[in-house]
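Examining the three-dimensional arrangement
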Amino acid sequence: YKNPHYAAGRSTMVHLFEWKWDDIAAECERFLGPRGFGGIQISPPNENLVIWSRNRPWWERYQPISYRLITRSGNENQFANMVRRCNNAGVRIYVDAIINHMTGTWNENVGTGGSTANFGDWHFPGVPYGRNDFNWPHCVISGNDYNCCADRVRNCELSGLKDLNQGSEYVREQIVNFMNHLISLGVAGFRIDAAKHMWPGDLSVIYSRLHNLNTAHGFPSGARPYIFQEVIDLGGEAISRNEYIALAAVTEFRFGLELSRAFSQQNQLRWLSNWGPQWGLLASGDSLTFIDNHDNQRGHGAGGNILTYKRSKQYKGAIAFMLAHPYGQPQLMSSYDFHDTEAGPPMDHNGNIVSPSINSDNSCGNGWICEHRWRQIAGMVGFRNVAGNTGVNDWWDNGSNQIAFCRGGQAFIAFNNDNWGLSQTLQTCLPAGRYCDIISGEKINNACTGKTITVGNDGRAHISIGSNEYDMVLAIHRGTQS
Ligand code: LAG
Ligand code: CA
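The structure reproduced in this document is the subject of the present report.

Reading the values: the criteria
Residues numbered from 1 in each chain as written. Chains lettered and ligands numbered in written order. Predicted model: local features only at pLDDT ≥ 70, side-chain atom pairs only at ≥ 80, totals over all residues. Heavy atoms only, no water. Helix = DSSP H or I, 4+ residues; strand = E, 2+ residues; numbered from the N terminus. Buried < 20%, exposed > 50% of the residue type's maximum accessible area, 1.4 Å probe, protein only. Contact = heavy atoms within 4.5 Å. Expected span 1.5 Å × (residues − 1). Disulfide = S-S within 2.5 Å. 1 Å grid on protein atoms, 1.4 Å probe; cavity = no way out; pocket = protein on both sides within 12 Å on 5 of 7 lines; lining within 4 Å. Points joined across faces, edges and corners; volume = space filled by probe spheres on them. Nonpolar A, V, L, I, M, F, W, Y, C, P; charged D, E, K, R; others polar. Pairing = 2+ DSSP bridges. Axes fitted to C-alpha atoms, helices over the stretch in contact; angles between N-to-C directions. Salt bridge = Lys/Arg side-chain N within 4 Å of Asp/Glu carboxyl O.

1. As for the environment of Pro 330
Inspection of the secondary structure puts Pro 330 in strand S8 (residues 329-334). Take Pro 330: its relative accessible area is 0%, and that puts it in the buried class. Linking Pro 330 and Arg 384, residues 54 residues apart in sequence, is a C-alpha distance of 9.9 Å. Apart from residues lying up to four places away in sequence, Pro 330 is in contact with Tyr 6, Ser 11, Thr 12, Met 13, Thr 289, Met 322, Leu 323 and Arg 384.

Okay, here's the thing in structure tokens:
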């Protein structure tokens, strides 16, 4: 369950938060496939409660009312079509699976596909689930439970959301059928929402009953789904991420926290020379890594001061480090602009999601940020693919916030997060020649629109990054040689 089964030569996934299936299919063909992206985490595809009383917040999608594939992102036909087109473009689809709970109790009770629920009776006819399928006695998780009481964190309600009993054979069967249906449609794996709130033993049974990936979609025979379990573990709680790594991969929340600190000058970049398990991070192969996710970019979920698109220079620096360094299985966040932390995606007055528009410089409009399309970020996805499975070598730092390193003989990167310029002759480990920096520009029709770096016969090159430059990074690799 720890292999994402990317198509050959690909290595990075992006969370297209709240995107519609038709738009994702188009994005696979026009951008993600050609640019070498490996996969996409999509928003939950199953029917959720419509919450007009809060103006259709993004979090309504974390309140399932049935397992029918019908949401604001699209219906089952559109879903199946998206998966097929993305797989054809070499881009995998990973589903955000909400299997810990159903909705909370609301006055409104109609789902995105028209299903209803009778909350007072724990009755969800769209599945169907009834009282016996939930954990009893009824209880709600309180803040202190995280410190003392693993059983309450797993058997009580997470913010009032009706808590399913995954120990029940009937419940397991509904969940497994839902996930196997998605596998038959060609998805490559799952994010397990709220995994901390379910018993590892129950999850292990559910995973073991999943089908192999669908060979008709290009997966090798016998391939197991990639599973990354959302476990927020910043240390010191009753439940540890270590209880989950035997099962499948785990979201590494300490990763984005530490890199956000370093790239906002709260820690020096030079300390990143031993980045990885020595920082208390999970083993690389167990770790799904990211700077921000849909929760912590808006102050939900794990706390901490996380960098987001709103502090773009520092954010791009942290993302570049994530993609340049071999540790972990990286995931990018792709957002819509928000000020109100509850606000849903751009929508019309009927609540329909408005598609991103695409500008001539490749950026998005209509309220979508599309971090994954930023030249510096998309370029680094290509860098990671070229670097492949090489390690880090020829680390250099100035004893402060200027660092540089090579990835074998494939790629070189330098960062300047000091308040003064970087100007050094450094070992790039690349063959002699001229290379185009993919951060300040890109190679278009054999011309470089940014800095050109000349590497000598000894592999060394003069590198300069001023402290007032638009970006703090310079990156070159074998694919940008001229
Ligand atoms: C997750 N991971 O474990 C998701 O990443 C996270 O986004 C989900 O919470 C949560 N677990 C449940 O799937 C989000 C919002 C919550 C929201 C919840 C359900 O962060 O704020 O709760 O989705 O929509 C909301 C209200 C609560 C209310 C609850 C129940 O904010 O006040 O009690 O709904 O109706
Ligand atoms: Ca639970």
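Next comes the rest of the account.
2. Focus on helix H9 (residues 375-387)
When the terminal C-alpha atoms of H9 are compared, their 18 Å separation across 13 residues agrees well with the 18 Å that a helix rising 1.5 Å per residue should span. For H9, a buried count of eleven out of 13 residues is recorded, marking the element as mostly surrounded by other parts of the structure. Every buried residue of H9 is accounted for by Gln 376, Ile 377, Ala 378, Gly 379, Met 380, Val 381, Gly 382, Phe 383, Arg 384, Asn 385 and Ala 387. Two residues or fewer past H9, Gly 388 is found with a positive phi of approximately 60°.

3. Quick look at the state of the cysteines
All chains considered together, the criterion is met by six disulfides. Between the sulfur of Cys 28 and that of Cys 86 lies a disulfide, 2.1 Å long from S to S. Handedness here is read from the sign of the S-S torsion; for Cys 28 and Cys 86, about 95°, the answer is right-handed. With Cys 28 in helix H1 (residues 21-32) and Cys 86 in helix H2 (residues 76-88), this pair connects stretches of sequence that are 58 residues apart. Each member of the pair, Cys 28 as well as Cys 86, is classed as buried. Paired through a disulfide, Cys 436 and Cys 448 show a sulfur-sulfur distance of 2.1 Å. With the S-S dihedral at roughly 75°, the linkage between Cys 436 and Cys 448 falls on the right-handed side.

4. Examining empty space enclosed by the protein
According to the stated counting rule, one finds two cavities of 30 Å³ or more in the structure shown. By volume, the largest cavity is sized at about 80 Å³. Around the largest cavity sit 13 residues that line it, and Gln 41, Arg 191, Asn 293, His 294 and Gln 331 are the ones nearest its centre. Considered class by class, the residues forming the lining of the largest cavity number four nonpolar, six polar and three charged. Empty space within the second largest cavity amounts to approximately 50 Å³. In terms of lining residues, the second largest cavity is bounded by Trp 122, Phe 134, Asn 135, Trp 136, His 138, Cys 139, Asn 155, Cys 156, Glu 157 and Asp 163.

5. Regarding the sheet that holds strand S12 (residues 402-407)
Within the open sheet, the four strands sit side by side as S11-S12-S13-S20. Their pairing is antiparallel. In this open sheet, the two strands that pair with only one neighbour each are strand S11 (392-397) and strand S20 (473-477). In this sheet, adjacent strand axes meet at a mean angle of 10° when their direction is disregarded. In the packing of helix H8 (residues 312-324) onto the sheet, contacts are made with S12, strand S13 (411-416) and S20, and the angle to S13 comes to roughly 150°.

6. As for unusual backbone geometry
Note that the residue after Val 127, namely Pro 128, is joined by a cis bond; omega there is 0°. As for its position among the elements, Pro 128 is in the loop between strand S3 (92-97) and helix H3 (145-148). Looking along the chain, the bond that leaves Trp 136 and enters Pro 137 is cis, with omega of -5°. The topology assignment puts Pro 137 in the loop between S3 and H3. Of note in this structure, Arg 56 is not a glycine but carries a positive phi near 55°. Looking at where Arg 56 falls in the secondary structure, it is placed in the loop between strand S2 (39-42) and H2. Despite not being glycine, Ser 159 has its phi angle at roughly 35°, a positive value. The topology assignment puts Ser 159 in the loop between helix H4 (150-155) and helix H5 (169-184).

7. Digging into the pattern of salt bridges
The full count for this structure, using the stated rule, is 22 salt bridges. When the shortest N-O distance is used, the salt bridge between Arg 191 and Asp 96 registers 2.7 Å. Of this pair, Arg 191 sits in strand S4 (residues 189-192) while Asp 96 sits in strand S3, placing them 95 residues apart in sequence. By relative accessible area, which is 3% here, Arg 191 ends up buried. Salt-bridge contacts for Arg 254 lead to Asp 233; the nearest nitrogen and oxygen are separated by 3.4 Å. Separated by 21 residues along the polypeptide, Arg 254 in helix H7 (residues 253-263) and Asp 233 in the loop between strand S5 (226-229) and strand S6 (249-251) bring together distant segments of the chain. Overall, the relative accessible area of 6% leaves Asp 233 in the buried class. Among the ionic contacts, a cluster of salt bridges with common partners joins Asp 96, Arg 191, Asp 193 and Glu 230.

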